[in-house]
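Structural description and commentary
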Amino acid sequence: MSSHASPVHHSEAPKGWIRHYIFSLDHKIIGTQYILLGLSAVTIGVILSVIMRIHLAWPNVHIWGFANGVVSPEDYLRVITMHGTLMVFFVLTTVPQSGFGNYFLPIQIGAPDMAFPTLNMLSFWLTFVSMLVLLSSAFVPGGSPISGWTAYAPLSAVGEIAGPGQGLGQTLWAVSIALFCGASLMSAINFLGTTIDLRAKGLSLMRMPLTVWGWFITASLALLAFGVLLAACILLLLDRLAMTSFFIPGGEMVSGVLLKHAGGSPLLWQHLFWFFGHPEVYIAILPAMGIISHVLSTFSRKPVFGYKAMVYSLSAIGFLSFMVWGHHMFISGMNPYSALTFSILTLVIGVPSAIKTFNWLGTLWGARIHFTAAMLFAIGFVSLFVTGGLSGIFLAQPALDLYLHDTYYVIGHFHLIMGVAAIFAMFAATYYWFPKMFGHMMNETLGKIHFWMTFVGVYCIFMPMHYLGYAGDPRRYALTDSVHYLARLQPVYVFISIAAFVTAAAQLFFYFNFFWNIKHGKKAERNPWRATTLEWQVSTPVPHDNFAGHYPTVYRGPYEYSVPGAAEDFTPQDVAPEQVAKA
Amino acid sequence: MVSRKSSAGSSAPAVLLSIVILILVGSTLYFHIAKTWWFPAAITPVGSQIDQQFFVTFILTGIVFVLAQLALAWMVFRYRDHGQKARFVRGNHTLEVVWTTATLVIFVGLGVMAAHAWGEVHFGGPQPGALQVEVTGVQFVWNFRYPGPDGKFGRIDPKDIDASTGNPLGLDPNDPAGKDDIVTGDLYLPVGREIELMLRSQDVIHSFFVRELRVKQDTVPGLVIPVHFTVTKIGDYEITCNQLCGLGHYHMHAMLHVLSDADFQQWEQKQEAQNAQAGQ
Amino acid sequence: MPHTSTTEELEIIEAGGGGKPPSFPGRDDDGSPSGRSGIPQRVYVTGIAIGMGAILMFFMAFASAFIVRKGVGSDWQAFPMPRILWLNTLILLASSVTIVRARHFFARGDRESFRHWWTVTTILGFLFLAGQLIAWRQMVISGFYLATNASGSFFYVLTAAHGLHLLGGIVALLYVGRGKLRRLTFATATEITSVYWHFMDGLWVFLFLLLLLGR
């Protein structure tokens, strides 16, 4: 955003391509960089999942790129590990928060940029390096790790004797994640500082858009959770490289080798990992919830139903998210009494999520719904969130989790709620904010085709996985031919795979729509959706300092749609009361 | 574009969305009610309790699922833009209180109900006289150990582990109690008698899972974790590994053979005889 | 924050180019100069506070791992606490006192004395780090390497992590001591550096007690 000599908020962008685009300090460019990073990560992640689905449905089919053309069991495990790691960290944790949040948080609160622009730039580049380190694991001897994105010790801690990829590959994985933790912490500091200190005059907390609330609470979670993961990764690296025994117990005989470690606790890794891991999944969904409230309100032409309740429920979810991590560990050998405590708390955290769903329905009630592509994805989110959330009620009870743990039921559950609902929110955000970001409109017809194929497609992929779980189909199985009761499930595998291919193909509409219309789309007006929040009151393209020197004053809440007595069905936040046209 | 006047769009997206949601709800309900891919019948009393809890949860969440998705489908259709003015409503405090309370009661209520079955599994051990069997997971096989006629398990020393010489568990040759221990690759249990499994692992975390028993428990290196149950039906059941343990995770498979009392005693005697022979 | 003229003397570098940028209104500032950028100085104070939260969680993770590992591990051996750590703790506590003195003189506008005590603090910081290295030596001499026993492992991990964070504080001390600041005023810079420094001090006392009583 600025060079050394000039003041930070001079309204001119820096000259020079490198400083303007590569090492930009402008939150809008950095946000775009994060989105592009996420796009490349999700592309790789989807390709990996297509490979998985081909292999599971037709295990003997030759796939280009694999030794002898066949996906070996270790290859399969490498694929699922990289798929999970890429998707959870580099897609779900970055795009909704560091991508869209970076871009729109400052504008939505009336600020010229984030509080710490240099730190912002560093967080992006550190994230980028982290992803390169992760991807490099595929090219080292032994290849990528096979321990899943959860990297349970001792499998992840004892080194290559535990399996292929568990040597250098696993070390690179741990280093990558550690770097990612650093970048996320830096980003969290930025989001919190910005929201606390840089709000425009009149923008009290209870007038902030729910997107801002989503980003704010997510940043709080990230701030408190990523440090724990960083600590865990450091201890893991020490066990791997320095012969310490944090996670490795004594008497370990692995592949005929008696290890010299002693006294470590595998459960300790799980506690540290999931203490981070559970807030992490809320980090993935909270910005999405904020975005959905925002989009639903805009295209319903109504205020968000129960704004205060929405703020309290976001906060409650954030707070409780630190108290439920044990529900990933009911079967782990953890104290069964703690399991019950975690269970009750997990069921309690379902309550604010349910409240949000009721309020989304309340927002639609009495509305005047415009079915834009963004709105379709927002409505789809609500349906997917209900389904994915309710399957959580089963898993939250240890007596039921006892059967369903580590089966395809869990895969169905977390994909619906994270891998699909959160993605739908990102799609909604893209279709919604594209005009502001690029000055052109996306194609609505292509957007609708994208929506219908994807909405039906994801249900066809992930709903049957619940049935596989009822049948007791274990997770992370490279092949099913060793277990007799899995044989009759093969037709379901084929159905899911075909649905997956169609859904993956449907994303091509999105890619084309996105990249083509950056330049060639219909020119966008300043406020094509006739929306109330501050990002729609600034010109398109957005000026370098967001407001061309005229910082707004906020007079009202963020969702004043269809206000009785007003001439227009939307009243922007920054229009003074005496300026609002009366009907 | 969003204009003030009645939108030129047709009702098509609204109708289509409602129909698609209805179809999704319908098909989900169908496969659940038809139990096309479902749990195998439980063969333990605690398994039946777990199934009962599942049924209650299924009914309650099923009702919520149907109501919520139907509400969404209805709203989307009813409130599509056909020229009406949107209702300016900020919320409803009473509604918030009502649905918060209702949800809290239902969710926590389910959890409290489920505690009973969980307690059956984990709070408190088996009756004295239960048959103890040690289960050891190792990459990528299951080993089962019975104490033999002396009723005592011999000492295990990891230094003695050598699968190639027939000592996969590392039984200490200097411990006489271990001489009559029976080590098998499949699990044999008598019907109707309380069983206590002592779960261990030699290398990484595995997980012992038998669907029909409704038993699943991670086996953790450095820990010995007990589970207890009583089997009520004779038959052969599959044991799978349920925690990613490496390359061969998918074929870490064994069989559980539940035998009548008589058959089990016969089996035991045969094993002891074979052991004694091998010991000479 | 003080508004004396001496404070402004300490701001050696002024904005280059382009006159005064439009001031960013935000909430009411307390009148302190906001440097050359439109960003109010208070964001840096907020930032440090938030950053301390993150750092605290990082160390709490290690601390809880320490407690759990001691509880479940059957092989725990208490390591002998290196004697120099008592001196090190005193040095660090002293440096907190000296930094308070430095800020006192800054507030009074006494630039000379401020610089003096700021430098003393920095030197004490270096001494602490040197002392930590000596402590490591003492551990090695008593037979506790990184992987010898879990208790020792935690000792190294905790002292290394704290030392690295303290080094960051020393870098800040040096940077402020250099006398040239870009976006921050000296008032803000000295405030946040000293807040961070006290945090490092308090954190050390916590870790020291944890290791002493828990080993």
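How each quantity is defined
Residues numbered from 1 in each chain as written. Chains lettered and ligands numbered in written order. Predicted model: local features only at pLDDT ≥ 70, side-chain atom pairs only at ≥ 80, totals over all residues. Helix = DSSP H or I, 4+ residues; strand = E, 2+ residues; numbered from the N terminus. Rg over C-alpha atoms; globule rule 2.2 N^0.38 Å. Buried ≥ 20, exposed ≤ 12 C-beta atoms within 10 Å, placed from the backbone. Contact = placed C-beta atoms within 7 Å. Core = buried A, V, L, I, M, F, W, Y, C linked by C-beta atoms within 7 Å. Pairing = 2+ DSSP bridges. Axes fitted to C-alpha atoms, helices over the stretch in contact; angles between N-to-C directions. Parallel < 35°, antiparallel > 145°, perpendicular 65-115°, else oblique. Left-handed = near helix turned anticlockwise from the far one by under 90°. Nonpolar A, V, L, I, M, F, W, Y, C, P; charged D, E, K, R; others polar. Domains from an automatic or database assignment. Expected span 1.5 Å × (residues − 1).

**Here we look at the overall build of chain A**
On a plain count of helices and strands, chain A comes out with 15 helices and two strands. Relative to its length of 583 residues, chain A is compact, with a C-alpha radius of gyration of 24 Å against a globular reference of 25 Å. With the C-alpha coordinates aligned to their principal axes, the bounding extent of chain A is approximately 80 × 55 × 50 Å. For chain A, buried positions account for 67% of its 583 residues. Pairs at least 24 residues apart make up 79% of the contacts formed inside chain A by residues separated by at least 6 positions.

**Side note on the overall build of chain B**
For chain B, the helix and strand inventory stands at four helices and ten strands. When its helices and strands are written in sequence order, chain B yields α-α-α-β-β-β-β-β-β-β-β-β-β-α. By its C-alpha atoms, chain B is 95 × 35 × 35 Å across when sized along the principal axes. Expressed as a percentage of its 280 residues, the buried residues of chain B come to 39%.

**Here's the deal with the nonpolar core**
Note that soluble globular proteins tend to have their nonpolar side chains buried in a common cluster. Residues A232, I292, F377, F381, A421, A425 and A428 of chain A are the most contacted members of the largest nonpolar core, which totals 325 residues. Not counting residues up to four positions away in its chain, the partners in contact with A421 of chain A are A288, F381, L384, F385, G388 and L416 of chain A.

**Quick word on the sheet that holds strand β1 (residues 131–138) of chain B**
All names here are of chain B. Across the sheet, which stays open at both edges, the five strands sit in the order β3-β2-β1-β5-β8 with mixed pairing between neighbours. Bordering the open sheet on either side are β3 (182–184) and β8 (225–230), each of which pairs with just one other strand. Direction aside, the axes of adjacent strands within the sheet are offset by 25 degrees on average. In this sheet, β8 lies alongside strand β5 (residues 194–201) in antiparallel orientation, the contact comprising six bridges. Residue pairing for β8: E196 is matched across the bridge by H228.

**Overview of the packing of helix α8 (residues 266–300) of chain A against helix α13 (residues 408–438) of chain A**
All names here are of chain A. The geometry of α8 relative to α13 is characterised by a closest axis approach of 9 Å and an angle of 40 degrees between their N-to-C directions. Here α8 is positioned oblique relative to α13, judged by the angle of their axes. Crossing of α8 over α13 shows left-handed handedness. Touching V281, A284, I285, A288, I291, I292 and V295 of α8 are I417, M418, A421, A422, A425, A428, A429 and Y432, all from α13. Residue composition of the contact of α8 with α13, by class: 15 nonpolar, no polar and no charged.

**Brief notes about the sheet that holds strand β7 (residues 215–219) of chain B**
Residues and elements named next belong to chain B. The sheet built from five strands is open, its strands ordered β4-β10-β9-β6-β7 with mixed pairing. Both outer strands of the open sheet, β4 (187–190) and β7, are each paired with one neighbouring strand and no more. Taken over all neighbouring pairs, the strand axes of this sheet differ in orientation by 20 degrees on average, direction set aside. In the sheet, strand β6 (residues 206–210) pairs with strand β9 (residues 235–241) via three bridges, with the strands oriented antiparallel. Residue pairing across strands places F209 opposite T240, the latter belonging to β9.

**Overview of the interface of chain B and chain A**
For interface size, the figure often reported is the accessible area lost on association. Across the boundary between the two partners, chain B contributes 88 residues, which contact 101 residues of chain A. Contributing elements (two or more residues each) for the side of chain B that touches chain A: α1 (12–34), α2 (45–78), α3 (93–122), β7 and β9 of chain B. With 15 residues, α3 of chain B is the single largest residue contributor to the side of chain B that touches chain A. Considered class by class, the residues forming the side of chain B that touches chain A number 48 nonpolar, 26 polar and 14 charged.

**A closer look at the domain arrangement of chain B**
Residue and element names in this part refer to chain B. Its domain assignment divides chain B into domain 1 (12–80 + 95–122) and domain 2 (131–279). Computed from C-alpha atoms alone, the centre-to-centre distance between domain 1 and domain 2 is 38 Å. Taken together, the contact between domain 1 and domain 2 spans ten residues of the former and nine residues of the latter. Of the residues assigned to the side of domain 1 that touches domain 2, the class counts are eight nonpolar, two polar and no charged.

**As for the packing of α8 of chain A against helix α10 (residues 336–364) of chain A**
Residue and element names in this part refer to chain A. It is at 9 Å that the axes of α8 and α10 come closest, and there the two elements cross at 15 degrees. As summarised for this structure, α8 and α10 are arranged roughly parallel, according to the angle between their axes. As for the relative orientation of α8 and α10, their crossing is left-handed in sense. Mapping the contact onto sequence places M289, I292, L296, S297 and S300 in α8 and K356, W360, T363 and L364 in α10. Considering only residue class, the contact of α8 with α10 consists of five nonpolar, three polar and one charged.

**Notes on the environment of M82 of chain A**
All names here are of chain A. Checked against the element boundaries, M82 lands in helix α3 (residues 73–92). Sequence separation between M82 and L48 is 34 residues, and the spatial gap between their C-alpha atoms is 8.0 Å. Not counting chain neighbours up to four residues away, the residues in contact with M82 comprise L48 and S144.

**Some remarks on unusual backbone geometry**
Residue and element names in this part refer to chain A. The residue after A153, namely P154, is reached through a cis peptide bond having omega 0 degrees. Structurally, P154 can be placed in the loop between α5 (117–136) and α6 (168–197). The residue A151 is not glycine, and still its phi comes out positive at about 45 degrees. Positionally, A151 belongs in the loop between α5 and α6.

**Quick notes on the pairing of β9 of chain B**
Here β9 of chain B runs beside strand β10 (residues 253–259) of chain B; their pairing, made up of six bridges, is antiparallel. When the bridges of β10 of chain B are listed, E238 of chain B appears paired with M255 of chain B.

**Some remarks on helix α15 (residues 490–520) of chain A**
Residue and element names in this part refer to chain A. For α15, spanning 31 residues, the distance from its first C-alpha to its last is 45 Å, which sits close to the expected 45 Å at 1.5 Å a residue. Every buried residue of α15 is listed here: Y493, I496, A499, A500, T503, F510, N513 and F514. Check the buried side of α15 and you find it contacts α2 (27–57), α13 and α14 (444–470).

**Focus: the arrangement of the chains**
Of all two pairs of chains sharing an interface, the pair with the highest contact count is chains A and B. Chain C makes no contact with chain B, the minimum C-alpha separation between the two being 9 Å.

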